[in-house]
Amino acid sequence: ALPILMLLAFVVVVPGSVAFTRQQRYVVGVDVGTESLRAAVMDAGTGQVVSEAVERHVTRWPGAGRMEQDPADWWRGLGLATRRAVASVDASKVAAGCVTTTSCTVVALDEA
């Protein structure tokens, strides 16, 4: 389902790789892709996906070899997908999070 997130789950369950308290049971992984942002909640002890959510965003191709997305769509998608994914668990038990993206990304900012 979410290959990058499955890798994250595998790393978390390797003995001694990450220390969690018994109260901190979950890891949230976010993957920003070409067409959507995906969020998944995984059990830190087993690596099993507990819940997941997807928010699609628009990709524009203004010319050959160019692709554009609106960072505001990523931000909106992050909030919506993460809230939906975490809604099925006790958020106070989330121990860690990880974000990955499709590739190198440039976000041009002005002085504001």
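Parameters and conventions
Residues numbered from 1 in each chain as written. Predicted model: local features only at pLDDT ≥ 70, side-chain atom pairs only at ≥ 80, totals over all residues. Heavy atoms only, no water. Helix = DSSP H or I, 4+ residues; strand = E, 2+ residues; numbered from the N terminus. Contact = heavy atoms within 4.5 Å. Areas by Shrake-Rupley, 256 points an atom, 1.4 Å probe, with all protein chains shown as cover. Salt bridge = Lys/Arg side-chain N within 4 Å of Asp/Glu carboxyl O. Buried < 20%, exposed > 50% of the residue type's maximum accessible area, 1.4 Å probe, protein only. Pairing = 2+ DSSP bridges. Expected span 1.5 Å × (residues − 1). Polar contact = N/O pair within 3.5 Å; in protein donor to acceptor, adjacent residues only side chain to side chain.

Participant: Help me understand the overall build of the protein chain, please; the structure alone is not making it clear to me.
Facilitator: Of the regular secondary structure elements, the protein chain holds 2 helices and 6 strands. Mapped from its N terminus to its C terminus, the protein chain presents α and β elements in the order α-β-β-β-β-β-α-β. Sequence-distant contacts in the protein chain: of pairs separated by 6 or more residues, those separated by 24 or more amount to 53%. Accessible surface, the protein chain as shown: approximately 7,300 Å² in total, 58% of it carbon and sulfur.

Participant: Before we go on, may I ask you to explain the pattern of salt bridges in this structure?
Facilitator: Applying the stated criterion to the full structure yields 6 salt bridges. Its salt-bridge partner being arginine 56, residue glutamate 35 comes within 3.1 Å of it at the nearest N-O pair. Of the two residues, glutamate 35 sits in the loop between strand E1 (26-32) and strand E2 (36-43) while arginine 56 sits in strand E3 (residues 49-56), which places them 21 residues apart along the sequence. Residue arginine 56 is classed as exposed on the basis of its relative accessible area of 54%. Note that glutamate 55 and arginine 84 form a salt bridge whose closest N and O atoms lie 2.7 Å from each other. In this pair, glutamate 55 sits in strand E3 while arginine 84 sits in helix H2 (residues 71-86), placing the two residues 29 residues apart along the sequence.

Participant: Explain the pairing of strand E4 (residues 60-63) to me, please; I cannot follow it from the model alone.
Facilitator: Looking down a regular strand, the side chains alternate between one sheet face and the other. Of the strand pairs in this sheet, E4 and strand E5 (residues 66-68) are connected by 2 bridges, and their pairing is antiparallel. Within E5, the residue paired with glycine 63 across the bridge is arginine 66.

Participant: Explain H2 to me, please; I cannot follow it from the model alone.
Facilitator: Since the α-helix advances by 3.6 residues per turn, residues separated by three or four positions end up pointing in the same direction. Taking 1.5 Å per residue, 16 residues should reach 22 Å; H2 reaches 22 Å between its end C-alpha atoms and fits that length. When we look at burial in H2, the residues that qualify are Trp74, Gly77, Gly79, Ala81, Ala85 and Val86. Buried residues belonging to H2 abut E1, E2 and E3. Near the N-terminus of H2, the side chain that reaches the backbone nitrogen of alanine 72, with its oxygen 2.9 Å away, is that of aspartate 70.

So, to be careful, I would describe these as geometric facts and stop short of saying anything about function.
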